[in-house]
Amino acid sequence: MKKNNKTLKEDFNEALKNYNDQNFKNAEVICYKILSIDENHKDSINLLGLIAAVSKNFDKAKESMIRILKLEPKNTSALNNLGTAYKELGKIEEAINTFKKVLELDPKHVNANYNLGSTYYLLKEFKNAKKYLQKTVVLQNNYALAFANLANVHADLKEHKEALSCYQRAIELNPNILMAHNNLGLLYREINDFPNAIKSYLNAIALKPDYTNSHHNLALTYKDIGEFSKSIQSHENSIKFEPQNLMHYHFLSELKKEILDSDLKDKVEKILFKEKINLRNLAYGNYLLAKYERKAKNYEKELSYLIEGHKNFFNSQKKKFELNNKYCFDDVHQIMEGGKITKTNMKDNLKVRPIFIVGLPRTGTTLVERIISSGKKFIPIGEETGVIGHYIPKKILEKESLNLGKDYEIRNEITNIYKDRGLLFEKYDYTFTDKSLDNFFYLELINQIFPNAKIINCRRNVLSSMMSIFQNNLTSLAWTHSIDNIFRYFDNYFNIIDNYISVNPNLVYELNFEKLINNPENESKNLMEFCELPWDKKCLEFYKRKDLFSKTASNTQIREGIYKHSEDKYVPYKKLLNKYGKKYSWFN
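In what follows, the accompanying structure is described. (Residues numbered from 1 in each chain as written. Predicted model: local features only at pLDDT ≥ 70, side-chain atom pairs only at ≥ 80, totals over all residues. Heavy atoms only, no water.)

## Structural notes on the overall build of the chain
Step number 1: Of regular secondary structure, the chain possesses 28 helices and 8 strands.
Step number 2: In terms of its C-alpha atoms, the chain occupies a principal-axis envelope of roughly 100 × 65 × 45 Å.
Step number 3: Residues counted as buried form 52% of the 588 residues belonging to the chain.
Step number 4: Summarising the internal contacts of the chain: among those between residues at least 6 apart in sequence, 65% fall at separations of at least 24.
Step number 5: Of the roughly 28600 Å² of accessible surface on the chain, a fraction of 48% belongs to carbon and sulfur atoms.
Step number 6: Across the chain, 89 positive and 73 negative side-chain charges occur, with their mean positions spaced 1 Å apart. (Helix = DSSP H or I, 4+ residues; strand = E, 2+ residues; numbered from the N terminus. Buried < 20%, exposed > 50% of the residue type's maximum accessible area, 1.4 Å probe, protein only. Contact = heavy atoms within 4.5 Å. Areas by Shrake-Rupley, 256 points an atom, 1.4 Å probe, with all protein chains shown as cover. Lys, Arg positive; Asp, Glu negative; His and termini not counted. Charge placed at Lys NZ, Arg CZ, Asp CG, Glu CD.)

## Structural notes on the packing of helix 15 (residues 246–255) against helix 17 (residues 279–295)
Step number 1: The contact between helix 15 and helix 17 brings their axes to 8 Å, and the two run at 35°. In the packing of helix 15 onto helix 17, the handedness of the crossing is left-handed. For the pair formed by helix 15 and helix 17, the contact residues are Leu246, Met247, Tyr249, His250, Phe251, Ser253 and Glu254 on the first element and Asn281, Tyr284, Gly285, Tyr287, Leu288 and Lys291 on the second. (Axes fitted to C-alpha atoms, helices over the stretch in contact; angles between N-to-C directions. Left-handed = near helix turned anticlockwise from the far one by under 90°.)

## Here we look at the pattern of salt bridges
Side chains carrying opposite charge are able to pair once their charged atoms draw close together.
Step number 1: Enumeration according to the criterion identifies 26 salt bridges in this entry.
Step number 2: Among the ionic pairs, aspartate 498 bridges to arginine 459, the shortest N-O distance being 2.7 Å. Taken together, the positions of aspartate 498 in helix 25 (residues 483–503) and arginine 459 in strand 7 (residues 454–459) put the pair 39 residues apart, joining distant regions of the chain. (Salt bridge = Lys/Arg side-chain N within 4 Å of Asp/Glu carboxyl O.)

## Observations concerning the pairing of strand 6 (residues 431–434)
Step number 1: Along strand 6, one buried face is formed by Thr431 and Thr433 and the opposite face, lined by Phe432 and Asp434, is buried too.
Step number 2: Two strands pair when backbone bridges link them, and strand 4 (residues 353–359) and strand 6 are joined in this way by 4 bridges, in the parallel orientation. Paired with phenylalanine 356 across the strands is aspartate 434, a residue of strand 6. (Pairing = 2+ DSSP bridges.)

## Topic: helix 15
Step number 1: For helix 15, the tally of buried residues reaches 9 of 10 residues, placing the bulk of the element in the interior.
Step number 2: Taken residue by residue, helix 15 has Leu246, Met247, His248, Tyr249, His250, Phe251, Leu252, Ser253 and Leu255 as its buried positions.
Step number 3: Packing partners of the buried residues in helix 15 comprise helix 13 (212–224), helix 14 (228–241), helix 16 (262–272) and helix 17.
Step number 4: N-cap assignment for helix 15: the residue whose side-chain oxygen lies 3.0 Å from the backbone N of methionine 247 is asparagine 245. (Polar contact = N/O pair within 3.5 Å; in protein donor to acceptor, adjacent residues only side chain to side chain.)

## Some words on the pairing of strand 7
Step number 1: Of all 6 residues making up strand 7, 5 are buried, and the element is well covered by its neighbours.
Step number 2: The sheet contact formed by strand 4 and strand 7 spans 5 bridges and is parallel. Across the sheet, the residue bridging to isoleucine 357 is isoleucine 456, located in strand 7.
Step number 3: Relative to strand 8 (residues 508–512), strand 7 runs parallel, the two sharing 5 bridges. When the sheet's bridge partners are listed, isoleucine 455 is paired in strand 8 with valine 508.

## A closer look at a positive patch on the surface
Step number 1: There is a patch of like positive charges on the surface, built from Lys100, Lys108, Lys131 and Lys135.
Step number 2: Structurally, the position occupied by lysine 108 is in the loop between helix 6 (92–105) and helix 7 (110–122).
Step number 3: On the accessibility criterion, lysine 108 (62% relative accessible area) is exposed. (Patch = residues over 30% accessible without salt bridge, like charges linked within 9 Å, V, L, I, M, F, W, Y side chains within 5 Å.)

## What about helix 17?
Step number 1: An ideal rise of 1.5 Å per residue puts 24 Å on 17 residues; helix 17 measures up with 25 Å between its terminal C-alpha atoms.
Step number 2: With 12 of 17 residues buried, helix 17 is to be regarded as a mostly interior element.
Step number 3: Every buried residue belonging to helix 17 is among Asn281, Ala283, Tyr284, Gly285, Asn286, Tyr287, Leu288, Leu289, Ala290, Lys291, Tyr292 and Glu293, and all of these are buried.
Step number 4: On its buried side, helix 17 packs onto helix 15, helix 16 and helix 18 (299–316).
Step number 5: Of the residues that open helix 17, the one with a side-chain oxygen 3.1 Å from the backbone nitrogen of arginine 280 is asparagine 278.
Step number 6: Taken from the residues just after helix 17, lysine 297 is the one with a positive phi, measuring 65°. (Expected span 1.5 Å × (residues − 1).)

## Regarding the sheet that holds strand 4
Step number 1: Reading across the sheet, the 4 strands line up as 6-4-7-8 and stay open at both edges, with parallel pairing between neighbours. Here the strands that pair on one side only, and so sit at the sheet edges, are strand 6 and strand 8. On average, each strand axis in the sheet is inclined to that of its neighbour by 20°, with strand direction left out of account.
Step number 2: On top of the sheet, helix 20 (residues 365–372) reaches strand 4, strand 6, strand 7 and strand 8; it is set at about 155° to strand 4, its chief contact.

## Topic: the environment of glutamate 236
Step number 1: On the secondary structure map, glutamate 236 appears in helix 14.
Step number 2: Residue glutamate 236 is classed as partly exposed on the basis of its relative accessible area, which comes to 28%.
Step number 3: The sequence separation of glutamate 236 and alanine 219 amounts to 17 residues, and the corresponding C-alpha distance is 9.2 Å.
Step number 4: Leaving out residues up to four positions away in the same chain, glutamate 236 has contacts with Leu252 and Lys256.

## Some details on the packing of aromatic side chains
The description of two aromatic rings rests on the distance between their centres and on the angle between their planes.
Step number 1: The final tally for this structure, using the stated rule, is 33 aromatic pairs.
Step number 2: With centroids separated by 5.1 Å and ring planes inclined at 80°, the aromatic side chains of phenylalanine 440 and tyrosine 493 adopt a geometry described as edge-to-face. Linking phenylalanine 440 in the loop between strand 6 and helix 23 (443–449) with tyrosine 493 in helix 25, this pair joins segments that are 53 residues apart in sequence.
Step number 3: For tyrosine 493, a relative accessible area of 1% gives the class buried.
Step number 4: Linked through ring pairs, Phe440, Phe441, Tyr442, Trp479, Phe487, Tyr489, Phe490, Tyr493, Phe494, Tyr584, Trp586 and Phe587 together constitute an aromatic cluster.
Step number 5: The ring centre of tryptophan 535 lies 4.8 Å from the NZ or CZ of lysine 525, which sits over that ring.
Step number 6: Over the ring of phenylalanine 587 we find lysine 574, and its NZ or CZ is 3.8 Å from the ring centre. (Phe/Tyr/Trp six-rings, centres within 6.5 Å; stacked < 30°, edge-to-face > 60°. Lys NZ or Arg CZ within 6 Å of the ring centre and 35° of its normal.)

## Comments concerning unusual backbone geometry
Step number 1: A positive phi is found at asparagine 192, a non-glycine position, where the angle reads about 65°.
Step number 2: Of note, asparagine 192 is situated in the loop between helix 11 (178–190) and helix 12 (194–207).
Step number 3: Take asparagine 192: its relative accessible area is 21%, and that puts it in the partly exposed class.
Step number 4: The phi dihedral of arginine 362 falls on the positive side, at around 65°, and the residue is not glycine.
Step number 5: Looking at the element boundaries, arginine 362 is found in the loop between strand 4 and helix 20.

## Here we look at the side chain of asparagine 18
Step number 1: Along the polypeptide, asparagine 18 turns up in helix 1 (residues 8–20).
Step number 2: A relative accessible area of 13% means that asparagine 18 is categorised as buried.
Step number 3: Residues contacting asparagine 18, with those up to four places away along its chain left out, are Asn23, Phe24, Asn26, Ala27 and Ile30.

## Remarks on the nonpolar core
Here is a general trend for soluble globular proteins: nonpolar side chains tend to be buried in one another's company.
Step number 1: Counting residues in hydrophobic clusters, the biggest one holds 88 residues, and the most contacted among them are Ile392, Ile414, Tyr418, Phe440, Phe490 and Leu577.
Step number 2: With 11 residues, helix 25 is the single largest residue contributor to this core.
Step number 3: Not counting residues within four places of it along the chain, the set of residues in contact with tyrosine 418 comprises Phe356, Thr385, Val387, Ile388, Leu423, Leu424, Phe432, Asp434 and Phe450.
Step number 4: Counting residues in each nonpolar core, the second largest holds 62 residues, with Val102, Tyr114, Ala163 and Leu187 among its members. (Core = buried A, V, L, I, M, F, W, Y, C linked by side-chain atoms within 4.5 Å.)

Everything listed is a geometric property; what it means functionally is a separate question.
What follows is the structure, given as structure tokens:
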């Protein structure tokens, strides 16, 4: 059949050329002309679907793919594209089912495996995501984006070695994947390899100078290692490229308080009153306004802004945070009550001597860790490794049982994780610190896994700790974004730690923050004696260390040495919190 002396094939080839040249409108017109002659011309229907997808019109793309499948029900390419359209339309269940249909027809379909893995990753179903993405890279070992996404899965599963390998492979295959460079930086930062983290962020910025994700992450990393002027510059670069993003002003204000002037306040208020504003911006806008009210000593108004800010921040990651709260208020208690380890006589890795620092945030735990690691004997700093808190629930899910297994097997597995983190060395007597504060949930299990471990519990004036938590956005801790949940968490902590200490009075060193800052030499000597480490005046001169780093909210304070805190500054908040704390005896 011919039209204007051209065959339909020639017409379609012209449409395809226009599509490849990104002349989508011309390609679309030609396809419709072809379909006016042959309404079942599959290639034209397919190309219209691809054009619709490129134009983000996924409803139209879906219709095209369904139309093809009526003609060819086993067309795996059309099925895969239909799954993609469903995914983009937010119809995740339909997308998964469609990708699975492709794999029923062709188990080695690379794109269907990739898309299914990526979809499971969106749902945080990491086990399934890992399965299909691993299959993807086996089928096509030069698929850079698949390696990058598989690396993301490994990173979320805390499988750092595997994540590192996959990011490096992705970048080797395609050096232009911004996400791979940025996320590799995040991984390096997590394992405290700050030079490589900085290098990765700079590589991303070199590819895209206005890539604010990497500017922001670079700023945080410079702050970790105390290079504050570089951190400020990176935050200012973020503001240059995203002047409406209030998060950048919030983080910059922590290092450069003078930016909190009337002009910025006016800007924040204007942005907050815009009709279209995302939850994250609402959160940081309220955090900034709270700082102005704190400076003016309008504490009630400050608290109101903080409450609104935390509410919006929580809602910006609602599903994730709800799951986190469920774990720390419900699930972890089942582990505490029912978690079991089979005791054996095997002595594997009993020489490992972790020093666990537990407690509530903002109770001096970072200070304690720096004192311990700065004496005559070098002690590797773990900071908040999260190793125990990640390993135990993961193990329970794998075994589908609260019985984790034999003590030496668990000890060997966890020891290897610490080793991969660069914390275990014979020359340091296999001693290191782990300041994952929520390890108080697992003290019974820790004692069975590492019987030679030292446990330090840090306490501080409750009101001071509570308000310091609420005034600092501890982004990853879901419970810190609600005053009610802060009280609940504190109450759980007091019940758990007090009960454990009453049963095991000699296993935990109780450190009082106020005593430490008022009598640092005596208290630090007692601390080091408990840890069976030699005391030295350098323990109190940690701030002079060139290798000092901290990723916590105490980052700037620990660079000033020990100084006395004015607990009176929190007194005005006591009456404001009474309505939340009236049922807790420890608050009243």
